[in-house]
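Descriptive structure summary
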Amino acid sequence: MKKVVLTEKEISSICQKLGETISAQYQSNEKPPVLICVMNGALNFTADLMKHLTIDVAFDYVQVKSWEGTKSTGQIQMAKEVSTPLDGRDVIIVEDIVDTGLSMHYLLHHLNQKFKPKSIRICALFDKPLGRKIPVKVDFVGYRLDHDEFLVGYGLDYKGLVRNVPYVFVPSEEEILHWDELTDKD
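Reading the values: rules and limits
Residues numbered from 1 in each chain as written. Predicted model: local features only at pLDDT ≥ 70, side-chain atom pairs only at ≥ 80, totals over all residues. Heavy atoms only, no water. Helix = DSSP H or I, 4+ residues; strand = E, 2+ residues; numbered from the N terminus. Rg over C-alpha atoms; globule rule 2.2 N^0.38 Å. Buried < 20%, exposed > 50% of the residue type's maximum accessible area, 1.4 Å probe, protein only. Contact = heavy atoms within 4.5 Å. Areas by Shrake-Rupley, 256 points an atom, 1.4 Å probe, with all protein chains shown as cover. Lys, Arg positive; Asp, Glu negative; His and termini not counted. Charge placed at Lys NZ, Arg CZ, Asp CG, Glu CD. Expected span 1.5 Å × (residues − 1). Arc of directions from axis to C-beta. Patch = residues over 30% accessible without salt bridge, like charges linked within 9 Å, V, L, I, M, F, W, Y side chains within 5 Å. Salt bridge = Lys/Arg side-chain N within 4 Å of Asp/Glu carboxyl O. Core = buried A, V, L, I, M, F, W, Y, C linked by side-chain atoms within 4.5 Å.

1. A look at the overall build of the protein chain
- Of regular secondary structure, the protein chain possesses 4 helices and 8 strands.
- In the protein chain, the succession of helices and strands from N to C terminus is β-α-β-α-β-β-β-α-β-β-β-α.
- At 16 Å, the protein chain has a C-alpha radius of gyration in line with the 16 Å of a compact globule built from 186 residues.
- When its C-alpha atoms are laid out on the principal axes, the protein chain stretches across 50 × 35 × 30 Å.
- Here the protein chain, with 186 residues, has 46% of them falling under the buried criterion.
- Taking as baseline every contact in the protein chain between residues at least 6 positions apart, the subset at least 24 positions apart corresponds to 64%.
- Carbon and sulfur atoms make up 48% of the accessible area of the protein chain, which totals about 9,800 Å².
- Separation between the mean location of the 22 positive side-chain charges and that of the 27 negative ones in the protein chain comes to 5 Å.

2. Section: helix α4 (residues 173–184)
- Compared with the 16 Å implied by 1.5 Å per residue over 12 residues, the 16 Å span of α4 between its first and last C-alpha is a close match.
- Inspection of α4 places Glu 175, Ile 176, Trp 179, Asp 180 and Thr 183 among the buried residues, and these make up the whole buried set. Axial view of α4: buried residues confined to an arc of 140°, hence all on one face. Among the exposed residues of α4, those pointing more than 90 degrees away from its buried face are Glu 174, Leu 177, Glu 181 and Asp 184.
- Check the buried side of α4 and you find it contacts β8 (168–170).

3. Regarding helix α1 (residues 8–26)
- Between its first and last C-alpha, α1 extends 27 Å over 19 residues, near the 27 Å set by a 1.5 Å rise per residue.
- Within the span of α1, buried status applies to Ile 11, Ile 14, Cys 15, Leu 18, Gly 19, Ile 22, Ser 23 and Tyr 26. Buried residues of α1, seen end-on, are gathered within an arc of 160° and therefore sit on one face of the element. What points out from α1, more than 90 degrees from its buried face, is the exposed set Lys 9 and Lys 17.
- Contacts from the buried residues of α1 go to β1 (3–6), α2 (43–50), β5 (90–98), β6 (119–127), β7 (140–144) and β8.

4. Thoughts on a nonpolar patch on the surface
- A cluster of nonpolar side chains, Met 50, Phe 59 and Tyr 61, forms an exposed patch at the surface whose accessible area comes to about 250 Å².
- Topologically, Tyr 61 is positioned in strand β3 (residues 58–68).
- Classification of Tyr 61 by relative accessible area gives partly exposed; the value is 31%.

5. Some remarks on the nonpolar core
- Ranked by internal contacts, the top residues of the largest apolar core, which has 26 residues, are Ile 22, Phe 45, Cys 123, Phe 126, Leu 151 and Val 168.
- Tallying contributions element by element places α1 first for this core, with 6 residues.
- When neighbours within four sequence positions are excluded, Phe 45 is seen to be in contact with Cys 15, Leu 18, Val 94, Glu 95, Cys 123, Ala 124, Leu 125 and Tyr 154.
- Judged by nonpolar contacts, the second largest core, of 19 residues, contains Val 62, Val 91, Ile 122 and Ala 124.

6. A closer look at the side chain of Glu 175
- Checked against the element boundaries, Glu 175 lands in helix α4.
- One buried charged residue, Glu 175, remains without a salt bridge, the closest side chain of opposite sign being Lys 2 at 8.7 Å.
- Setting aside chain neighbours within four positions, we find Glu 175 in contact with Met 1 and Phe 169.

Structure (structure tokens):
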């Protein structure tokens with residue numbers, strides 16, 4: 001491991017602060033907002049964030065894919081669609097990291113075209129504006145990254161591995177080689 005970027009304690013504090021902010025913003029809504037977790041990476045973050053919401057929320061998830069190993073492919077694939085009716089509803093997309101903006105831009109366009117929600121806001125554990133290829137505004141930011149490093153842990157993966165680590169870190173080359181060996185056996 002090169003370095004820890006967020007500890008388990010720091011992540012818990014971020015989830016609490018974001019939960020309070022989101023709850024305050026939507027407390028007077030007639031209908032509960034719909035949280036849409038972007039799977040698989042945002043699963044841990046969404047679960048912990050929901051523990052700190054003091055308002056009613058509906059929940060759903062989508063699955064989009066655009067990464068292979070440590071790089072974005074630039075191609076977006078929708079693997080699982082939303083099943084909750086979103087017309088006229090406030091939607092909060094919960095994502096682990098907004099980097100290139102390609103997946104989020106695709107998802108925003110898709111949800112607006114297909115469902116006509118009242119509003120869509122983005123909540124991300126990490127906002128990485130240096131990586132943007134398409135401008136995307138993150139409304140609720142847990143941690144802003146001002147450097148370009150590949151991160152794993154707490155939902156962020158490398159070839160499907162390391163999502164279960166309760167903190168976020170920059171892996172070493174040796175770790176990546178080890179994970180490559182593990183996944184090449186499949």
